[in-house]
Amino acid sequence: SSGINAEYGYTVSRSDRDSRVGGGVLLYSHANLPVSKVEKFDDGFCQGVFCQFSTIKTCVAVGYRPPNAPPSSFSSLLRFFSQSKTDINDESYDFCFTGDMNIPIIDWETNVLVSGGSLDMQHSASALLSFISDHLLSQYVLKPTRGSNILDIFLTNNGRLVANIDCRATNMSDHNVVDVMFSWNPLSDEKSAVPHFDENSF
């Protein structure tokens, strides 16, 4: 609840699935990292929340695609995230995307489709790979998150952010917990010390 979040120093941004039980996404963020903008998506199948953190020039997208989502719904979710990012109008922002995509037919070592899955899933998988290419993202979860499948992903356009990723079992879900360790503390100024190389650096 919002009261619990405030008590422990966190705020929550969420998008609930109002039409039926289950689904929905939320993002906990530290109260010292103010959320500049929150955009929400829910079409009855997929849900998403997009948060902009101006003080650290980072935007975070959290999405959920249920196994039975039609490709049109998932494509709408990805377009929502793309438009939200475009609206920031600042290419220097780091972009992180995470969530349960329920797409086990992508080989994340090579970013190619593998055999299997329904035609709808294949279309959704292709849409996700196109989204990744369009935004210059890399996917860092390489261990199974449910059974032998990688269903939960973490994408970013800045690989320097990711120090380590691990997956571990939990009693709270049939999915594993995905722990992402950043290379910097967003509550400090450490990020500014990470070198950034461009054509003007040489």
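As the structure is a computational prediction, the values presented were derived from the model and not from experiment.

## Quick notes on unusual backbone geometry
For Lys57, which is not glycine, the phi dihedral falls at a positive 50°. With respect to the element layout, Lys57 can be found in the loop between strand E4 (47-53) and strand E5 (58-64). The phi dihedral of Leu136 falls on the positive side, at around 55°, and the residue is not glycine. Summarising the element assignment, Leu136 is placed in the loop between helix H3 (119-134) and strand E9 (138-139). Take Leu136: its relative accessible area is 68%, and that puts it in the exposed class.

## Some points on helix H2 (residues 71-88)
Taking 1.5 Å per residue, 18 residues should reach 26 Å; H2 reaches 26 Å between its end C-alpha atoms and fits that length. By the burial criterion, the buried members of H2 are Pro71, Ser73, Phe74, Leu77, Leu78, Phe80, Phe81, Ser84, Lys85 and Ile88. Residues of H2 that are buried in the fold lie against strand E3 (37-42), E4, E5, strand E6 (94-100) and H3. Looking at the residues trailing H2, positive phi occurs at Asn89, about 60°.

## A word on the packing of aromatic side chains
The tally for this structure, following the rule as stated, stands at seven aromatic pairs. An angle of 50° between the planes, with centres 5.3 Å apart, marks the rings of Phe80 and Phe81 as tilted. Each member of the pair, Phe80 as well as Phe81, is classed as buried. One aromatic cluster in this structure is built from Phe41, Phe50, Phe80, Phe81, Phe95, Phe97 and Phe131.

## Here we look at H3
With 16 residues, H3 extends 23 Å from end C-alpha to end C-alpha; this agrees with the ideal 22 Å at 1.5 Å per step. Turning to H3, its buried residues number three or more, namely Met121, Ser124, Ala125, Leu128, Leu129, Phe131 and Ile132. Buried residues in H3, looked at end-on, bunch into an arc of 155°, giving them a common side. Along H3, the residues that are exposed and aim more than 90 degrees away from the buried face are Leu119, Ser133 and Asp134. On the buried face of H3, the contacting elements are H2, E6, strand E7 (106-107), strand E8 (112-113) and strand E10 (152-156). At the C-terminal side of H3, Leu136 shows a positive phi close to 55°.

## Some details on the layout of surface pockets
One way to see where empty space is left: roll a probe the size of a water molecule over the atoms. Taken as a whole, the largest pocket encloses approximately 1,500 Å³ of empty space. In this structure, the largest pocket is lined by 44 residues; those nearest its centre are Leu26, Leu27, Val62, Thr98 and Val178. Secondary structure elements with two or more residues in the lining of the largest pocket: strand E1 (10-15), strand E2 (25-30), E5, E6, E10 and strand E12 (177-182). When residues of the lining of the largest pocket are assigned to their parent elements, the largest contribution, six residues, is made by E2.

## Let's talk about the sheet that holds E3
Reading across from one edge, E3-E4-E5-E6-E10-E9 is the order of the six strands in this open sheet, with mixed pairing throughout. The open sheet has two free edges, formed respectively by E3 and E9, since each of these has just one partner strand. As paired strands, E6 and E10 are joined by five bridges and run antiparallel to one another. For Asp100, the partnering residue across the bridge sits in E10 and is Asp152. Of the strands in this sheet, E3, E4, E5 and E6 are in contact with H2, which crosses E4 at around 10°.

## Comments concerning the nonpolar core
Residues Phe97, Ile103 and Leu128 are the most contacted members of the largest nonpolar core, which totals 48 residues. The set of elements that each furnish at least two residues to this core consists of E2, E4, E5, H2, E6, H3, E10 and strand E11 (162-168). Those residues in contact with Ile103 that lie beyond four places of it in its chain are Arg65, Phe74, Met121, Ser124, Ala125, Leu128, Ile150 and Leu151.

## Quick notes on the pattern of salt bridges
Between side chains of opposite charge, pairing is possible as soon as their charged atoms come close. Taken as a whole and judged by the stated rule, the model has five salt bridges. Two residues, Lys143 and Asp166, come together in a salt bridge whose shortest N-O distance is 3.3 Å. Of this pair, Lys143 sits in the loop between E9 and E10 while Asp166 sits in strand E11, and the two are 23 residues apart along the sequence. Relative accessible area serves as the criterion here: at 30%, Asp166 is assigned to the partly exposed category.

What counts, and where the lines are drawn
Residues numbered from 1 in each chain as written. Predicted model: local features only at pLDDT ≥ 70, side-chain atom pairs only at ≥ 80, totals over all residues. Heavy atoms only, no water. Helix = DSSP H or I, 4+ residues; strand = E, 2+ residues; numbered from the N terminus. Buried < 20%, exposed > 50% of the residue type's maximum accessible area, 1.4 Å probe, protein only. Expected span 1.5 Å × (residues − 1). Contact = heavy atoms within 4.5 Å. Phe/Tyr/Trp six-rings, centres within 6.5 Å; stacked < 30°, edge-to-face > 60°. Arc of directions from axis to C-beta. 1 Å grid on protein atoms, 1.4 Å probe; cavity = no way out; pocket = protein on both sides within 12 Å on 5 of 7 lines; lining within 4 Å. Points joined across faces, edges and corners; volume = space filled by probe spheres on them. Pairing = 2+ DSSP bridges. Axes fitted to C-alpha atoms, helices over the stretch in contact; angles between N-to-C directions. Core = buried A, V, L, I, M, F, W, Y, C linked by side-chain atoms within 4.5 Å. Salt bridge = Lys/Arg side-chain N within 4 Å of Asp/Glu carboxyl O.

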